[in-house]
Structure formats: C-alpha cells, structure tokens
Amino acid sequence: MQYSKLLIPTLKETPSEAEAVSHILMIRGGYIRQLAAGLYISLPLFLRVMEKINTIIRQEMNRIGAQEFSMPVLHPAEVWQKTGRWDAIGDEMFRLKDRTDRDMCLAMTHEEIMTWLAAKELRSYRDLPQMWYQIQTKLRDEARPKSGILRTREFIMKDSYSFDADEEGLNKSYELHAQAYHRIFTRAGLLFYQVESDPGMMGGTTAHEFMAPSDAGEDEIAICGRCGYAANVELAVSVPPDYAPVDMPFEEVHTPRMKTVDEVSRFLGLPPLSFIKSLLLITKDAPVLALLRGDEELHEKKIQRVIGPYRPAHKDEIVEILGVEAGFIGPVNMINKEIRIIASTSIKTGLYAGGANKTDYHLKGINPEVHFQADWHDIRVIRQDERCVRCGAALKIQRVIEIGNIFKLGTKYSVPLSAVYLNKEGAEIPIIMGSYGIGPARVAAAAIEQNHDENGIIWPVSIAPFPVLILPLSTGDNETIKAADVICAALNSRHIDFLIDDRDIRPGIKFKDADLTGIPYQIIIGAKNLKDGLVEIKDRRTKETTKMPPDKAVEYVSRLIIVI
RNA sequence: CGGGGCGUAGCGCAGUCUGGUUAGCGCACCUGCCUUGGGAGCAGGGGGCCGGAGGUUCGAAUCCUCUCGCCCCGACCA
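Residues numbered from 1 in each chain as written. Chains lettered and ligands numbered in written order. Predicted model: local features only at pLDDT ≥ 70, side-chain atom pairs only at ≥ 80, totals over all residues. Heavy atoms only, no water.

Visitor: Could you clarify how one ought to interpret the side chain of Ser462 in this entry?
Guide: Mapping Ser462 onto the fold places it in the loop between strand S26 (456-457) and strand S27 (468-472). Residue Ser462 is classed as buried on the basis of its relative accessible area of 14%. Of the polar contacts made by the side chain of Ser462, one reaches the backbone oxygen of Arg187; its length is 2.6 Å. If sequence neighbours within four positions are ignored, Ser462 has contacts with Lys52, Ile56, Arg187, Ala188, Gly189 and Val563. (Helix = DSSP H or I, 4+ residues; strand = E, 2+ residues; numbered from the N terminus. Buried < 20%, exposed > 50% of the residue type's maximum accessible area, 1.4 Å probe, protein only. Polar contact = N/O pair within 3.5 Å; in protein donor to acceptor, adjacent residues only side chain to side chain. Contact = heavy atoms within 4.5 Å.)

Visitor: Would you explain the domain arrangement of chain A in this entry?
Guide: Interfaces are often sized by the accessible area lost when the parts come together. Per the domain assignment, the segments of chain A are domain 1 (15-236 + 397-449), domain 2 (251-377) and domain 3 (466-560). Here the C-alpha centre of domain 2 lies 41 Å away from the C-alpha centre of domain 1. With 5 residues of domain 1 at the contact, the number on the domain 2 side is 4 residues. Taken together, the two surfaces of domain 1 and domain 2 that pack against each other cover about 370 Å², and 33% of this comes from carbon and sulfur. Where domain 1 touches domain 2, the interface holds 2 salt bridges. Taking the shortest distance from any N to any O, the salt bridge between Arg305 and Asp198 comes out at 2.8 Å. Between domain 1 and domain 2 we count 5 residue pairs in polar contact (both at pLDDT 80 or more) in total. Looking at side-chain class alone, the side of domain 1 that touches domain 2 contains 3 nonpolar, no polar and 2 charged residues. (Domains from an automatic or database assignment. Buried area = accessible area lost by both parts, 1.4 Å probe. Salt bridge = Lys/Arg side-chain N within 4 Å of Asp/Glu carboxyl O. Nonpolar A, V, L, I, M, F, W, Y, C, P; charged D, E, K, R; others polar.)

Visitor: Would you mind going over the sheet that holds strand S14 (residues 276-283) with me for this structure?
Guide: Whenever strands of a sheet pair, they do so through backbone hydrogen bonds, lying parallel or antiparallel. Pairing in this open sheet of 5 strands is mixed, and the strands run S16-S14-S15-S17-S20 from one edge to the other. Two strands close off the open sheet at either side, each with one partner strand: strand S16 (310-312) and strand S20 (375-377). Looking at each pair of strands side by side, their axes are set apart by 35° on average, direction ignored. Inspection of the sheet shows strand S15 (residues 287-293) paired to strand S17 (residues 340-344) by 4 bridges, in the parallel sense. When the bridges of S17 are listed, Leu291 appears paired with Ala343. Across the face of the sheet, helix H9 (residues 315-322) comes into contact with S14, S15 and S16 while running at roughly 95° to S14. (Pairing = 2+ DSSP bridges. Axes fitted to C-alpha atoms, helices over the stretch in contact; angles between N-to-C directions.)

Visitor: What should I look at first to understand the nonpolar core in this one?
Guide: Generally speaking, a soluble globular protein has its nonpolar side chains buried in company with each other. Membership of the largest hydrophobic core comes to 65 residues, with the highest contact counts inside it found for Met26, Tyr31, Phe46, Tyr181, Phe185, Ile403 and Trp459. For this core, the leading source of residues is helix H2 (residues 44-63), giving 8 residues. Structurally, this core is a two-domain feature, drawing no fewer than three residues from each of domain 1 (15-236 + 397-449) and domain 3 (466-560). Leaving out residues up to four positions away in the same chain, Ile403 has contacts with Phe185, Leu190, Phe192, Phe210, Met211, Ala212, Gly437, Ile438, Gly439, Arg442, Val443 and Ala446. If you look at the next biggest cluster of nonpolar residues, it comprises 28 residues, including Trp80, Ile89, Tyr161 and Met433. (Core = buried A, V, L, I, M, F, W, Y, C linked by side-chain atoms within 4.5 Å.)

Visitor: Would you mind showing me how to read the pairing of strand S6 (residues 103-106) here?
Guide: For a regular strand, side-chain orientation follows a simple rule: the groups alternate between the two sheet faces. Examined bridge by bridge, strand S4 (residues 74-76) and S6 share 3 bridges and lie antiparallel to one another. Residue Pro76 lies in a different strand from S6, and its bridge partner there is Met104. Taking the residues that link successive antiparallel strands as the turn, the strand S5 (residues 95-97)-S6 hairpin has 5 residues, and the phi of Asp101 there is positive, at about 75°.

Visitor: Can you help me understand the packing of H2 against helix H6 (residues 167-187) in this one?
Guide: Axes are the key here: two packed helices are described by the angle between their axes and the distance separating the axes. Two elements in contact, H2 and H6, have axes whose closest approach is 9 Å; the angle formed by their N-to-C orientations is 155°. Here H2 is positioned roughly antiparallel relative to H6, judged by the angle of their axes. Considering how the two elements wind past one another, H2 and H6 form a crossing that is right-handed. Where H2 approaches H6, its residues Ile56, Ile57, Gln59, Glu60, Met61 and Arg63 are matched on the opposing element by His177, Ala180, Arg183, Ile184 and Arg187. Looking at the contact of H2 with H6 residue by residue, the class counts come to 5 nonpolar, 2 polar and 4 charged. (Parallel < 35°, antiparallel > 145°, perpendicular 65-115°, else oblique. Left-handed = near helix turned anticlockwise from the far one by under 90°.)

Visitor: What is the right way to read the pairing of strand S29 (residues 521-525) from this model?
Guide: Here S29 lies mainly inside the structure; 5 of its 5 residues are buried. The two faces of S29 match: Tyr521, Ile523 and Ile525 on one face and Gln522 and Ile524 on the other face are all buried. Of the pairings in the sheet, the one linking S27 to S29 comprises 5 bridges and is parallel in character. Directly across from Leu471, in S29, lies its bridge partner Ile524. In terms of strand pairing, S29 meets strand S30 (residues 535-539) through 4 bridges, oriented antiparallel. Bridging from a neighbouring strand, Ile523 pairs with Ile537 of S30.

Visitor: Teacher, can you tell me more about the pattern of salt bridges here?
Guide: Between side chains of opposite charge, a pair can form when the charged atoms approach closely. Counted by the stated rule, this structure contains 39 salt bridges. Linking Asp141 and Arg153 is a salt bridge whose minimum nitrogen-to-oxygen distance equals 3.7 Å. Linking Asp141 in the loop between strand S7 (130-139) and strand S8 (154-164) with Arg153 in the loop between S7 and S8, this pair joins segments that are 12 residues apart in sequence. Classification of Arg153 as partly exposed rests on a relative accessible area of 21%. Where Arg380 meets Glu296, a salt bridge forms, and the shortest distance between an N and an O atom there is 2.8 Å. A residue pair is termed long-range when its members are at least 10 positions apart, and Arg380 in the loop between S20 and strand S21 (395-410) and Glu296 in the loop between S15 and helix H8 (300-307) qualify at 84 residues. The two residues Arg380 and Glu296 agree in class, both being buried. Several salt bridges converge on common partners, so that one network encompasses Arg293, Asp295, Glu296, Arg380, Arg383 and Glu386.

Written out as structure tokens, the structure is:
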C-alpha cells in the first residue's frame, strides 16, 4: 500500500482535548478523529488495527467452538421489558420510537436478543451446549465519555453467550472462554491479569475481568506477586496491617471539641490504629452504624453489598438519631439501641478508643464483643503493601484498563424469556447462560498505553496496521526507486503486507511520521547506503538498525514479523 | 447530575482582567526559488460570524445575562 493513497493525517502538536497517551497518539498518528463527545471516526490505519484484533478474536472464538452471528442494533422494547431491564436501566439507554409510535432502543448489549433467539430455536438437551458470538456495535449514553476511545458512547464489542444444560456445562463454557481470552490478549501483545470481579447487576454468581495495566485505566486491582491472587479492589481482601493492642482501662475521657480521629489521637497520645471510627449511614429502611479502625477507609461497594444502597447521614440527622454531634458517636451506650452495627473485621479483637455518645467525651478501653455487638464484615479499602490473605506477601495496587470480562449468568435471562429445553426425562428446564465481552478498541488503546515511547506508538506486530514500512528517502533518486521496487516485489511474492512512504517530501518528515505511526519494522532506503548496495532495517522498539543488501532485508524482515 | 477548566484560522496558542486603529503569533496550506538522512531556508499569498443569542455602550473578542459544545475530577457504568 502506498502512503500517498491513504489518509494518514499526522499532527505535530498535541491536541488540547487529549490527555491519555493512547488518545494523544491515536490522534497525532492519524488513527482517529472525534466527531462529538464519545463518538470517534476510525481512519484507515485504525480500521486496519481493529481488523487485526478482530481477526485474532474470531480465530480464538472459533477455536473453542463458538459460532459467529450478527444481531440488530435497533431493538423493540418488549424484549427488554420482559427481563425488566427496560425499567431497571436509566438514562444510559438510548431510546426512541418508530413511526408507529412503538418503543425501541439501541443495543447496549445483547443478552436479551441472544436469549430471545435461543428461546425460539433451542428445544432439546441435544441442542446444547451452544456458544454464540458477534463483533457488533453497542450504544450507551455514557454520563461521562472519556480518555479517547477508552470510554465512548458508540463502540464495537465482541460479545458472546453460552447456553448449557447445567452448571457443569456452564463451568466448562466459562473455562473455555477464559482460555480463549488468555490466548487473544497474549497474541495481541498485552500485559494483562485475570482478576476476580464483582458480578454486580449482571446478576450472576461468578465473574472475572481481564485487566491491562495502564495509568489511563479507570479501575484498580490488587495483585499478589507471589501466589497470583488478583482481584478488583471493589472486592479485594487483605490482611490488615499489624496492630499490637494498647492496654488501656475502660473509662470515659474528656475530649473538648476533639472530633476527628487525628485530633483525639494526638490529644490522648494513642495511635490512630487504636481508634474506632464510627460512621452513620442511612439506608432505605433504617440507619446503620459502620465501624472501622481509625486508619481505615470505608469501601462503598463492599458495605453496599451488606446493607444495600445508602448515603452518609447529614449532621442534623446524626444528632436526631443518636442524640450527639458527629465526632462523639460510637458503638457503646447508644441512645438508639435498635441501630444495626456493621463493623470491620480488623477491630474484632483488641482495645480501642471511640466516641462516648456524649458531647466532648470519648471512651477508652472499648472491648469489641464485650462492650458492643456487631455484624462483622470486610468493609475496608485495602491499601498498597498490605499482606495477601492467601500467602502473606505484599499486595500491589495497580491501575488497569478493563479489556474483557466473563460472567456466569445462570438463568437470569433464560427464565423471563422462556429459553428452556427438554431434558432426557422430558422435563422443561431453563437454559443456564454465561456472557462474555471484549472491547477491541480498548485492546488497541491498552497496546499503545503499554507500548510507546517519546516518539510515538510501537505496535506489537500482531496488531500493527502494517508489519513493515518502507522508507525510500528520496523519491527523486533512480537507484532508490529501483531498490524500493525490488523490495516491494519480494515482499509481494512472500505475501507480506507493507506500507511504502512514496511521498515526495523531506526525509525528516518521513522519519517522524514513521516513528509516530508505530509500524514495528522500517526498511530505510537511502542513497548513501545504496552506493554500498545496502539498505537499513530499523526496529521501532529498540531503535537498532541493521544494514544489509535489499534481497537479504526482505528475508530478514520476513523472519522478524512471524507471529503465532 | 455536582465541582472545575476551556471555546479566537485546519492545529497549538496570545489578546479578555483594565472596551477604542484593519484581531495577532507559530505550525499547516498555496505560488516561486532553494534544499533532500530526523518535522529545513528565503520571498510572496490565501484563510476568522472571536461557539451562539440577547443586552450595556458612541464603540464589545474584551463587560452583563442566557445558551450550546468540548475536556478534567467526582457520582454513575445495567
């Protein structure tokens, strides 16, 4: 392919709206252009990258026996009403009406439609298992599109769905997907982790996410370098930091105007670790008192799993419910005995100081389970370097991009949509489902985040728009053109895809664009080296160049670009 | 949805606080010369509804009101 025949609008300067490295380089490299918030145009180079990624995905999905489909993006409301998601999902769903005033929506995902089809076409245990997938457009009216193509309102997703007769079958389909995902992301040249994740509103039992480390990511995971424990921080657990209990008598102490753990800690000469931090939360049904150790932070998602949706109590509500100002509340001697107490497991043993439920007073020597009763849960935010619950090694917290996820759905969709089969005994059984996603554009973005330098992108060969770029430095030089022709012909005969920069411009610009667009290998043809019958091969990643005759160069490059 | 920032040529920005010639700079673009191994040089040139609407004023890119858009933080992310 000739450079002059492709639109590759590279930019010397960084566009002001871009912040993430992948976003900046995709715009500067002439890969994407923005149409509106969360809506991007794929230029020819980016389309090639996406095709490479999608090809890898197809190969690996087909390999585990999945079949490719194509589903409509415009859906009738009824199907979504049957599963309850028409009402459960809010503004994030694009909704519209057709000319007959029928409610419609744009696809956010395809559980409903896939299950609708399964309900229609799958009848017998003999039809199972099935794995169906597509690489299809999804639309979500995101509250906040961000970071270029990492979070957009319209995007391509590989989504697949498994249909099994029983749990055992589901486990197998799930495991096959996990294996396929490992192969896909490895082939795409990514560093990634498979982590335990919160099934959340997908409503399943088990879920994992595939996470690519990058500062541009929106999620955080905890990983153990020794035993391999890895989990989204939303549910990651750890051993709380060591705490040697301080011995103190059970007594009330005067602490005038001391409201924060910090203030009281300094005033009483006790470390923050020997304090109980009390927070009043308001749920739909009743107030809840949450207890943490003085150095801990409440994990919103973790406590939400215990008490449901909640919000922190307002100042006047605290006085109203507990009869004392915030800052002096605590689990002992509460005037309201009905309040449920949820406490962090880290304070189950030891002696602590906490609010006395009396203005300007705290209690020392509080002995949990002696002085108060509570439901014990892991409700703390874990921190870097805390110890792994499995092996005791230090945990690392890492920012990541979610590139894929796998969910065990069970019968959440098959039951409302009547996707059932008849077993050997003739009984009608709901199909057990799983759902699995990959964001190909996120794979591309993660690849850039993980593979770039100050000059631009460094694509892994497997997903590069072209594996090889030929740079004839002077298009006015006959010898250069001749050498380029020889190389092109040799590459063609080997069926190696390549881009040749045939533009009649200064060499400096060719070099800059070459590095920016990130094609992994460059064959540089310059008049000076050509006098010795040589061209150069440059490895974009190492910046190393090797000189050799043109015919050898093709041979050499063809070995470099072999990918699994 | 809450908080913050920004809209001036294709891109990056100055000018706005403190209203006043014809709105400016760099890059890009066009013409010519020159140059050809890391975004050259010289000369000439084209390109603007200063996001939009309303207002204040003799006079508005600049002040006021409303509005639209984009980015960042947070909430949200089935």
